[in-house]
Structures are given as structure tokens and as C-alpha cells.
Amino acid sequence: MTVPTIGLTTSRGRRAGWVAPLMIGAVVILLAALWSGLVHLGLPLPSGGTSLHEGHGPMMILGFLGTVIALERAVALGAAWAYLGPAAAAIGGLGVLVAIPDGIPALLVTIGGVVLVAVFVAIDRIQRSLHNVVLASGAVCWVVAGCLWLAGWEVYRFLPWMAGFLVLTITGERLELSRLTGSSTRAHRVFAVAALVFAAGLVVSTVAEQTGVRIAGVGALALAAWLSRYDLARRTVRTSGLTRYMAVALLSGYAWLATTGVLWIVFGHMTKAISHQASYDAMLHALFLGFVISMIFAHAPVIVPSVLGRPLPYSRVLYLPLALLHLSLLLRLIAGDGLDNTAAWQWGGILNEVALLLFMGLAAYQLFVRKAPQPAAAPTRSGPG
């Protein structure tokens, strides 16, 4: 995820007042969602209440990720009103944690999505482009998911829309960067068709779930193929340092997006899959862990400095949580879900969370403990003169 810079401004004065509490709120939501994830794995831990247990998905996707993505865009736009989006998402996510009355968390996160749509409308007036339309469509998916949650739908019934929020947001941002590769008008048209197929599947899923999920799966597979062909990461993976690390994370994430497309095509029906833990688990976590978390790992070295205003020095140790994420997800999906091995499924899930916490710990260390390398001082002449 990247911050658009063309024509946009950032207010450092507003940043100081808004960013820190919103980031703290996002981290609290994430930690609560991770705890709930361990409970879902069947570990003997306090459940934290019905609200936390049942709201695990919306809290993680619309609460945590919604806050982070909306905050990134608010910082980029620089308008004070734009911060209402991440604020509403964060309060809604925290509301699930503390079990405030039913409907209020859903209403708050929906408001957060509406503000994000307004942000993209403002951005479009500055710079009209296909990628802004795709990004705005992702925000619309957030709003639809929030409205269905507010209407009392079961979480698994609007999961495709939450997936749409993240898939269209991430692929829209990668489309923006594809300009650096000189991608053609024809390539952009192919992307538009793939995104339209994916979005059409989301719409159909609300009335014909199995058909809609499979159509969306075709779209996800097409988007993964497009990214694998046209994304800048294909070139930068041959470089070194931070650029190569980001490319490795991106390309591995695209493989998981393709896997998601295949799983959605094969299984389709989420309502039916919910009673078959293995297929449901694989359909969800190939996307939300394999694809989305890979994107977070890839973009954090760019997003964090742009949002917090301080450098995040690169270290090769960042490959450790990335490798652990993918290996543990393979354990979870192949040995756990595929072979119906409960122990492998649980250990895979636990190590998924360890990978995410390890990445957060390393990033915090790089941000607040390790000092960024300073440029060498210019040599000075000795003697008179």
C-alpha cells in the first residue's frame, strides 16, 4: 500500500494530533483480534466475550486494516475532516473489543468507510485516473460490508465484500505504480476487465452466493495473473536490499491471491463451507493472511515513514517473519486443512500470529531503538586556506 503524492499535501500539525492515538488504537484492535484468533483455533484461553469472538473478522479487516488504510489516505490528503474515517473505524473496532451495544460498532466502521469514499472523491478531483476509481471501489466495498453487518447479516455472508475492500485497495495501488513500468493502455484495459469480473462476483454473491463467490474467484485469479505479469516487482526482485525484500513479499502475496482465486472457484459457497472448517479456513486465510499480510510486510517500510514521519531502517532480518508467515500458512492449509490434521492446523495458526507479532516487534525496534544510518560528513580541508 502506497501513499499517492501527486497533487496532495500533508499537514504535519494535524499529523501530530491524530496519528499517534489512531495508531495505538489500531494496534490494540490487532492484538485483540489475534487473541480471538487463538480462541478460534481451539486453544484453552478466555474467549473475551461473544462480541469479540463473533466480531473477529470485521474487527481485523474493517477495524484494524480499515483504520490503517484510512489513516494513510488522510495523511496523504492532509485535510482535517479525512481523519474522521480512521477515527470512526478505530472506535468501531475498539467497540467490538469492549462489547458496546449491538449495532454501534457496525455503524461506526460504516461511517469510516463513507469518509474514505469521500477522500477518494476528493483525490479524484485532483487527479482523475483508473487506479483512483479502483481504490474508490474498494472503499465502497467497505461501506457495503459495514451496511450488511449493520443489517444483522452473519459475518461469513458479507466476507466477500470485506475481501473486495482489501483486494481492490491493494491491486488499485499496484496499478498506480505500474506506470513506472510503462504498462500499455491495453494492459490497463485488461486490469479493468479483471477488476470488473471480481466486483461483479461480489454483487452476485449477495443474491446467489455460490455463483457470485466463484465469479469473484475468477476475477481474483485474473488480477493475480495481471500483477504477476505487469507489476514493478518483477523487475525489482533482481535488485538488492529493501527493494528486493519488498518485491519478494509482493510476488509471494500474488501467489496467495491466485491460490485464493482457485479455492473460491472450487468451493464457492461460503455458507456451506462454514460447516466444513477446512475449506472455509483455507478460503479465508489464503487471502487474508497469505495475500493481505504479505502486502503489509512489503509496504510497511514505505507506509510507516509516510504516516509517522520517521524512518524505518531496513534490515535483512525482516525476511524472517516473511518466511515464517508463508511456511506456517502452508502448514495450516496443506497439513491442517488439506489432510485434516488438527495439530498442524493449530500450530500453523499459532505460527501465523507469531510471524505477525515478530514483524511488529522488529519494526518497532527499527523505528524506536535502532538509529537510521547517518550520511557521512563531508571531508574538511586541513591547513590554511
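These numbers were taken from a predicted model, which means no experiment stands behind them. (Residues numbered from 1 in each chain as written. Predicted model: local features only at pLDDT ≥ 70, side-chain atom pairs only at ≥ 80, totals over all residues. Heavy atoms only, no water.)

### Quick notes on the packing of helix α7 (residues 155-177) against helix α8 (residues 185-205)
Here is step 1 of the chain: Viewed as axis vectors pointing N to C, α7 and α8 meet at an angle of 170 degrees, and their least axial separation amounts to 10 Å. Between α7 and α8, the angle falls in the class roughly antiparallel. For the pair formed by α7 and α8, the contact residues are Pro-160, Trp-161, Ala-163, Gly-164, Val-167, Leu-168, Thr-171, Gly-172 and Leu-175 on the first element and His-188, Phe-191, Ala-195, Phe-198, Leu-202, Val-203 and Ser-205 on the second.
Here is step 2 of the chain: For the contact of α7 with α8, a count of residues per class yields 11 nonpolar, 5 polar and no charged. (Axes fitted to C-alpha atoms, helices over the stretch in contact; angles between N-to-C directions. Helix = DSSP H or I, 4+ residues; strand = E, 2+ residues; numbered from the N terminus. Parallel < 35°, antiparallel > 145°, perpendicular 65-115°, else oblique. Contact = heavy atoms within 4.5 Å. Nonpolar A, V, L, I, M, F, W, Y, C, P; charged D, E, K, R; others polar.)

### Looking at the nonpolar core
Here is step 1 of the chain: Ranked by size, the top nonpolar core spans 113 residues in total, and within it Leu-116, Leu-159, Phe-165, Leu-257, Phe-288 and Phe-291 carry the most contacts.
Here is step 2 of the chain: With 19 residues, helix α13 (residues 277-308) is the single largest residue contributor to this core. (Core = buried A, V, L, I, M, F, W, Y, C linked by side-chain atoms within 4.5 Å. Buried < 20%, exposed > 50% of the residue type's maximum accessible area, 1.4 Å probe, protein only.)

### Remarks on the pattern of salt bridges
Here is step 1 of the chain: Under the criterion given, the structure shown has 4 salt bridges.
Here is step 2 of the chain: Among the salt bridges present, the one from Asp-124 reaches Arg-128, with a minimum N-O distance of 3.0 Å.
Here is step 3 of the chain: Residue Arg-332 is joined to Asp-281 by a salt bridge in which the shortest nitrogen-to-oxygen separation is 2.8 Å. On the criterion of sequence distance, the pair formed by Arg-332 in helix α14 (residues 319-338) and Asp-281 in helix α13 is long-range, its members being 51 residues apart. Each member of the pair Arg-332 and Asp-281 is classed as buried. (Salt bridge = Lys/Arg side-chain N within 4 Å of Asp/Glu carboxyl O.)

### A look at the side chain of Thr-67
Here is step 1 of the chain: Tracing the backbone through its elements, the reader meets Thr-67 in helix α3 (residues 56-77).
Here is step 2 of the chain: Residues in contact with Thr-67, not counting those within four places in the same chain, are Leu-22, Ala-26, Leu-62, Pro-86, Ala-89 and Ala-90.

### A look at the packing of aromatic side chains
Here is step 1 of the chain: For the structure shown, the criterion picks out 7 aromatic pairs.
Here is step 2 of the chain: A centroid spacing of 4.2 Å and a plane angle of 15 degrees characterise the contact between Phe-297 and Phe-359, whose relative ring orientation is stacked. With a gap of 62 residues between them, Phe-297 in helix α13 and Phe-359 in helix α15 (residues 342-368) connect regions that are remote in the sequence.
Here is step 3 of the chain: For Phe-297, a relative accessible area of 0% puts it in the buried group.
Here is step 4 of the chain: Given a relative accessible area of 5%, Phe-359 falls into the buried group.
Here is step 5 of the chain: Here the aromatic cluster, defined as three or more aromatic residues joined through ring pairs, consists of Phe-191, Trp-226 and Tyr-230.
Here is step 6 of the chain: Arg-157 extends its terminal NZ or CZ atom over the ring of Trp-153, reaching a point 3.9 Å from the ring centre.
Here is step 7 of the chain: Over the face of the ring belonging to Tyr-230 we find Arg-229, whose NZ or CZ atom lies 4.7 Å from the ring centre. (Phe/Tyr/Trp six-rings, centres within 6.5 Å; stacked < 30°, edge-to-face > 60°. Lys NZ or Arg CZ within 6 Å of the ring centre and 35° of its normal.)

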